[in-house]
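Chain by chain, the residues run as shown.
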Amino acid sequence: MSSKEIEVILSRQWADCLSVPVFIVDTGGNLIFYNEPAEELLGMRYDTTGAMPVSDWSTMFRPEDDKGVALPPENLPLVKTLSTQMPAHGEFWINNLRGSVYKISVTSFPIMGRPKRFIGAIAIFWKILEK
Amino acid sequence: MKTTIWGCRGSLPSPGLEKILFGGNTSCIQVQHKDTCIILDGGSGIQRLGDSIDPKQLKINILLTHLHLDHIMGLGYFKPFYNPECTINIWGPSGSSKSLVKRLRRYFSPPFFPVRLNELPAKVNITEINNSSFMINEVRVKSEYICHPGPTVGYRLETDGSTIAFLPDHEPALGSSHFPDLPDWSSGYNIAKDADLLFHDAQYDNNEYNNRIGWGHSSIADAIKFGELTNVKKMVLVHHDPANSDAQLKKMFKKSLEHKTINFELEMGRENAVFQVS
């Protein structure tokens, strides 16, 4: 076993202290941590799911636009950040695992370590509407 | 690898009769492997090392963990820098913007120091590292950023069958949500894992640490937990607080061991202590 980069470790510590939902992914898109507020919004627990590949987390909440059209993974802000290493923002609907439907606003940004090493990405999101 | 402590005080040189046992010089440890001389940090302890180094040692390697003053303040007083026959290779962490050379030049320039870096008679090579792995002759060196304010790395030195780890300024308890339970989420784990000899920050007792969380240093108790987490064979506690006398350090150490079973060798670092790791 080897440990994660310090920038990722400190990102988790920071996310752990926040009352807004936060996702942390590695450079391969694997969801390596989400905090308690994210657990509540998504209806799943990190202790139960552990890490998840991008193919799972980008589809399991069935993201949709305002017209109910399914969003492909590449249109999600966090996936955009992974491919561009740039911040991204978007608003869309998700179906959480407890059956609730929320509109969320997501802002994602890359974790750039010293010296300009791309280490992963973080998404912060807010619930803005509930069906 | 023969390892000698030339300085293990933290923050500020603090000479005095009441500190004669553990010493007052700041961070500097020499690792000698055959003809290879590696110096970990250039604190005030490096001045005495320079006086006693083998004059035939014309190639010297200095690994800087970071550029806080207590880790570089001795460099300008290191005699081999003034020997034109010497080659000195310096490695240190990359920052976010200014290069390592530029940051070192801040120290090697007035008003902090009269001699500029490019005026030193020795040939000086400076290399920036981050999470890196490289060879110094037969010694494999691994560096990795760790939890301490400003760009700071820990070092792991490996030869056939023996490993020394150096984390003199390190606050692993801050960098982990569940310290010390999750190795993959613990700062410094890759550097220290299964080391034969680990030099680790232990500046404070528990009370002192509680008032200094986030300053980048560890309590003795957290250092011991980190040693257990990383399964080291021997741990030497360094970066003693400049305010603490020998008597206080002995008392802190004794108290930290009360009611504890520790499954590795543990001691307080003191100047002039020598360890053979093989």
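Owing to the predicted nature of the structure, the values given are computational and were not obtained by experimental measurement.

**Student:** Help me understand the overall build of chain A, please; the structure alone is not making it clear to me.
**Tutor:** When its secondary structure is counted, chain A shows 5 helices and 5 strands. Counted from the first residue to the last, chain A has its helices and strands arranged as α-β-β-α-α-α-α-β-β-β. The C-alpha atoms of chain A give 14 Å as radius of gyration, which agrees with the globular expectation for 131 residues (14 Å, within 12%). For chain A, the C-alpha atoms occupy an extent of roughly 45 × 30 × 25 Å along the three principal directions. Taken across its 131 residues, chain A has 50% of its residues classed as buried. Considering only intrachain contacts with a sequence separation of at least 6, the fraction spanning at least 24 residues in chain A is 46%. With the model as given, the accessible surface of chain A reaches about 6,400 Å², and the carbon-plus-sulfur share is 53%. Counting 13 positive and 15 negative side-chain charges, chain A places the centres of these two groups 3 Å from one another.

**Student:** Please explain the packing of aromatic side chains as it appears in this structure.
**Tutor:** One pair of aromatic rings is described through two measures. These are the centre distance and the angle between the planes. Per the stated rule, a full pass over the model turns up 15 aromatic pairs over all chains. Seen from their ring centres, Phe23 of chain A and Trp57 of chain A are 5.7 Å apart, and the 80° between their planes marks the pair as edge-to-face. Here the residue Phe23 of chain A occupies a position in strand E1 (residues 22-26), and Trp57 of chain A occupies one in helix H4 (residues 54-57), the gap between them amounting to 34 residues. Take Phe23 of chain A: its relative accessible area is 6%, and that puts it in the buried class. Cluster of aromatic residues (ring-pair linked, three or more members): Phe23, Phe33, Tyr34, Tyr46, Trp57 and Phe125 of chain A together with Trp185 of chain B. One cation-aromatic arrangement involves Arg12 of chain A over Trp185 of chain B; the distance from NZ or CZ to the ring centre is 4.6 Å.

**Student:** Explain the layout of surface pockets here, please?
**Tutor:** To find leftover empty space, a probe the size of one water molecule is rolled over the atoms. Looking at the largest pocket, its volume works out to about 320 Å³. Of all the secondary structure elements, the ones that give two or more residues to the lining of the largest pocket are helix H4 (206-210), helix H5 (220-230) and helix H6 (246-257) of chain B. If you tally residues by element for the lining of the largest pocket, the top one is H6 of chain B, at 5 residues. The volume enclosed by the second largest pocket comes to roughly 240 Å³. In this structure, the second largest pocket is lined by 18 residues; those nearest its centre are Ile6, Leu10 and Arg114 of chain A together with Ile146 and His148 of chain B.

**Student:** Help me understand unusual backbone geometry in this model?
**Tutor:** Backbone phi values are negative for most residues with the exception of glycine, while trans is the configuration of most peptide bonds. In this structure, Pro115 of chain A follows Arg114 of chain A across a cis peptide bond, with omega equal to -15°. Along the chain, the position of Pro115 of chain A falls in the loop between strand E4 (101-113) and strand E5 (117-130). Geometrically, the link from Phe179 of chain B to Pro180 of chain B is a cis peptide bond, its omega value of 0° lying close to zero. Notably, Gln85 of chain A is not glycine yet its phi reads approximately 60°, a positive angle. Structurally, Gln85 of chain A can be placed in the loop between helix H5 (77-84) and strand E3 (88-95). A relative accessible area of 37% means that Gln85 of chain A is categorised as partly exposed. For Asn272 of chain B, which is not glycine, the phi torsion reads 80° and is therefore positive. By secondary structure assignment, the location of Asn272 of chain B is in the loop between strand E13 (265-268) and strand E14 (274-276).

**Student:** How do you make sense of the environment of Leu76 of chain A when you look at a structure like this?
**Tutor:** All names here are of chain A. Along the chain, the position of Leu76 falls in the loop between H4 and H5. Residue class for Leu76 comes out buried when judged on its relative accessible area of 5%. The contact partners of Leu76, leaving out residues within four places of it in the chain, are Ser58, Pro63, Leu71 and Phe92.

**Student:** How should the pairing of strand E9 (residues 153-159) of chain B be read in this particular structure?
**Tutor:** Consecutive side chains along a regular strand alternate between the two faces of the sheet. Residues and elements named next belong to chain B. Counting buried residues in E9 gives 7 out of 7 residues, a clear majority hidden from the surface. Taking every second residue as pointing to the same face, both faces of E9 are buried, with Val153, Tyr155, Leu157 and Thr159 on one and Gly154, Arg156 and Glu158 on the other. Where strand E8 (residues 139-145) and E9 come together, 6 bridges link them in antiparallel fashion. The residue of E9 that forms the bridge with Tyr145 is Val153. Looking at chain direction, E9 and strand E10 (residues 162-167) are connected through 5 bridges and run antiparallel. What sits directly across from Tyr155, in E10, is Phe166. Counting the residues in the hairpin turn of E9 and E10 gives 2 residues, including Gly161, whose phi is positive at 85°.

So, how was this worked out
Residues numbered from 1 in each chain as written. Chains lettered and ligands numbered in written order. Predicted model: local features only at pLDDT ≥ 70, side-chain atom pairs only at ≥ 80, totals over all residues. Heavy atoms only, no water. Helix = DSSP H or I, 4+ residues; strand = E, 2+ residues; numbered from the N terminus. Rg over C-alpha atoms; globule rule 2.2 N^0.38 Å. Buried < 20%, exposed > 50% of the residue type's maximum accessible area, 1.4 Å probe, protein only. Contact = heavy atoms within 4.5 Å. Areas by Shrake-Rupley, 256 points an atom, 1.4 Å probe, with all protein chains shown as cover. Lys, Arg positive; Asp, Glu negative; His and termini not counted. Charge placed at Lys NZ, Arg CZ, Asp CG, Glu CD. Phe/Tyr/Trp six-rings, centres within 6.5 Å; stacked < 30°, edge-to-face > 60°. Lys NZ or Arg CZ within 6 Å of the ring centre and 35° of its normal. 1 Å grid on protein atoms, 1.4 Å probe; cavity = no way out; pocket = protein on both sides within 12 Å on 5 of 7 lines; lining within 4 Å. Points joined across faces, edges and corners; volume = space filled by probe spheres on them. Pairing = 2+ DSSP bridges.

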